[in-house]
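# Residue-level structural notes
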Amino acid sequence: MPPPQTGDGDRRGRHPDFGRLIRDENADTVLCHVCGRGFRSLGAHVRVHDMTAAEYREEFGLLRSWPLSAHSLGQEQSHARRDRYRASETTQAHLAAGRAMARSGELTRRRWSGTDEGSPRDELLKVRRESLDAGRRTQSRGADERLADALRAGGFTDLEQALRAVYVDGQKSIEETARVLAVGRNRLRRLLTAHGIDIRPAGQNSDIGRRARIRLNDRAAAQRVGAQDITVWLRERAAQGATLRELATATDRSIPWVAARIGPR
């Protein structure tokens, strides 16, 4: 496990598990986002990274209300505070007003009044939006990298050339083109439109597309019955006395499909 580092350079641009407190339940520790080490409490540890606990929470999208400590430590501290409270009538008297304010919600309102950060709900929504945006940026970078790898693998000089070579000249379907370029179908449609390439209407089949579907259907039927060549398999079974209905059931295809591959009998 890497040793702790210090300075701003060890955290800027590094946001693993942004918006999530990472816990090791087996060791009962909380893991540091920066160095990956586990501690019962991060409040003191993050100082080696030149951060306060508040700065750490802000850096990694953690709510201010979240304790930076393991469950057991939090429970121990809670039990200790409760014991001190029960053992001291003076403490109970001092905290009576605060308890009443907490029950009525006045304590929370006072806590957030006079700040620019709004209510706890507003803060939570802000953190969730930041986490979602960070995830979207990561997904977008990953998608761009996969597309760039596909272009290099296909020997294409740019995206438009690839789109025209595969979809227009090669007459590949949306699904096949998306697979070749390692993109989703919706993104492929947006890319085609952005590069001025008309999308073929649904149901408009090219000869290449029809032949591809025939090959796919034949391959699926062959795999279903464990045959190398589905046409040979069908003719052998028909010669042995199997009916068209039996063969259709075995291959999970229609009777006309079976009859077409067997040919005249």
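Heads up: these notes are all about the structure in this document. Along each chain, residues carry numbers from 1 onward, in the same order as the chain's sequence is written. Per-residue local features of the predicted model are confined to residues with pLDDT of at least 70, and side-chain atom pairs are confined, for both listing and counting, to 80 or more; whole-chain, interface and lining totals are unaffected and use all residues. Where side-chain values are given, they derive from all heavy atoms of the structure, hydrogens and water being excluded.

### Let's talk about the overall build of the protein chain
Here a helix means four or more residues in a row that DSSP labels H or I, a strand means two or more in a row labelled E, and each is numbered from the N terminus. The secondary structure content of the protein chain amounts to 12 helices and three strands. To sort residues, take the accessible area from a 1.4 Å probe on protein chains only and compare it with the maximum for the residue type: under 20% means buried, over 50% means exposed, and anything in between is partly exposed. Of all 265 residues assigned to the protein chain, the portion counted as buried reaches 29%. The long-range share in the protein chain, meaning contacts at least 24 apart out of those at least 6 apart in sequence, stands at 54%. Split by element, the accessible area of the protein chain, about 17,400 Å² in all, is 49% carbon and sulfur. In this analysis, two residues are considered to be in contact whenever any of their non-hydrogen atoms come within 4.5 Å of each other. Note that accessible areas follow from Shrake-Rupley with a 1.4 Å probe, and for residues the cover is restricted to the protein chains shown.

### Some details on the environment of Leu159
Checked against the element boundaries, Leu159 lands in helix α6 (residues 159-169). You can call Leu159 buried: its relative accessible area is 16%. Taking the C-alpha atoms as reference points, Leu159 and Ala148, 11 residues apart in sequence, are found 8.7 Å from one another. In contact with Leu159, not counting residues within four places along its chain, are Leu147, Leu151, Leu191 and His195.

### Points about a positive patch on the surface
Taken together, the side chains of Arg81, Arg82, Arg84 and Arg86 make up a positively charged region of the molecular surface. Mapped onto the secondary structure, Arg82 falls in helix α2 (residues 71-87). Since its relative accessible area comes to 34%, Arg82 is described here as partly exposed. Patch rule: a residue counts if its relative accessible area is over 30% and it has no salt bridge; like charges are joined within 9 Å, and nonpolar side chains (Val, Leu, Ile, Met, Phe, Trp, Tyr) within 5 Å. Counted as salt bridges are all cases of a side-chain nitrogen of Lys or Arg within 4 Å of a carboxyl oxygen of Asp or Glu. The sign given to each residue is positive for Lys and Arg and negative for Asp and Glu; His and the chain ends receive no count. Lys charges are placed at NZ, Arg charges at CZ, Asp charges at CG and Glu charges at CD.

### Notes on the state of the cysteines
In what follows, a disulfide is any cysteine sulfur pair within 2.5 Å. Here the structure, examined in full by the defined rule, presents zero disulfides. The thiol sulfur of Cys32 is not disulfide-bonded, and the nearest other cysteine sulfur, from Cys35, lies at 3.8 Å.

### A closer look at the sheet that holds strand β2 (residues 29-31)
Pairs of strands are assigned from DSSP output, requiring at least two bridges between the strands. Here three strands make up an open sheet; going across it, the order is β1-β2-β3 and the pairing antiparallel. Of all the strands in the sheet, just β1 (23-24) and β3 (38-39) have a single pairing partner and so form its edges. Relative to β2, β1 is paired through two bridges, and the arrangement is antiparallel. Paired with Asp24 across the strands is Thr29, a residue of β2.

### Section: the packing of aromatic side chains
Aromatic ring pairs: the centre-centre distance and the angle between the two ring planes describe each pair. We call Phe, Tyr and Trp rings a pair once their centres come within 6.5 Å, taking the six-membered ring for Trp, and we label the pair stacked below 30 degrees between planes, edge-to-face above 60, and tilted otherwise. In total, this model carries one aromatic pair according to the counting rule given. Ring geometry for Tyr56 against Phe60: centres 5.1 Å apart, planes inclined by 55°, an arrangement best described as tilted. Here Tyr56 matches Phe60 in class, with each residue buried.

### A word on the pattern of salt bridges
Counted under the stated rule, the structure contains six salt bridges. The salt bridge involving Glu160 is made with Arg164; its shortest N-O contact spans 3.2 Å. Separated by four residues within a single helix, Glu160 and Arg164 lie in helix α6, roughly one turn from each other. With a shortest N-O distance of 3.6 Å, Glu175 and Arg185 are connected by a salt bridge. Taken together, the residues Glu175 in helix α7 (residues 174-181) and Arg185 in helix α8 (residues 185-194) connect sequence positions 10 residues apart. For Glu175, a relative accessible area of 42% gives the class partly exposed.

### Regarding the packing of helix α10 (residues 230-239) against helix α12 (residues 255-262)
Think of each axis as a best-fit line through the C-alpha atoms, taken over the contacting stretch in the case of a helix, with angles from 0 to 180 degrees between the N-to-C directions. Relative to each other, α10 and α12 sit at 95°, their axes nearing to 9 Å. In terms of their interaxial angle, α10 and α12 are classed as roughly perpendicular. Taking contact as the criterion, the partners of Ile230, Thr231, Leu234, Arg235 and Ala238 in α10 are, on α12, Trp257, Val258, Arg261 and Ile262. In the scheme used here, Gly and all other residues not listed as nonpolar or charged are polar, with Ala, Val, Leu, Ile, Met, Phe, Trp, Tyr, Cys and Pro taken as nonpolar and Asp, Glu, Lys and Arg as charged. For the contact of α10 with α12, a count of residues per class yields six nonpolar, one polar and two charged. Each angle gets one of four labels, with under 35 degrees taken as roughly parallel, over 145 as roughly antiparallel, 65 to 115 as roughly perpendicular, and the rest as oblique.

### What to know about the nonpolar core
In terms of nonpolar packing, the biggest core is built from 16 residues, with Leu151, Leu163, Leu181, Leu188 and Leu192 touching the most fellow members. No other element matches the five residues that α6 contributes to this core. Once residues lying within four places of it in the same chain are set aside, the contact partners of Leu192 are Leu163, Tyr167, Ile174, Ile197 and Ile199. In this structure, Val30, Met51, Leu68 and Ala70 belong to the second largest nonpolar core, which totals 14 residues. Here the nonpolar core consists of buried residues drawn from Ala, Val, Leu, Ile, Met, Phe, Trp, Tyr and Cys, with membership extended through side-chain atoms lying within 4.5 Å.

### Comments concerning unusual backbone geometry
The backbone phi angle of Ala182 is positive, close to 60°, even though this residue is not glycine. With respect to the helices and strands, the residue Ala182 is situated in the loop between α7 and α8.

### Let's talk about the packing of helix α11 (residues 244-251) against α12
With their axes 8 Å apart at the nearest point, α11 and α12 run at an angle of 105° to one another. If you check the angle between α11 and α12, you find them roughly perpendicular. The segment α11 lies against α12, with Leu244, Arg245, Leu247, Ala248 and Thr251 engaging Ile255, Trp257, Val258, Ala259 and Ile262. Here the residues of the contact of α11 with α12 are counted per class, giving eight nonpolar, one polar and one charged.

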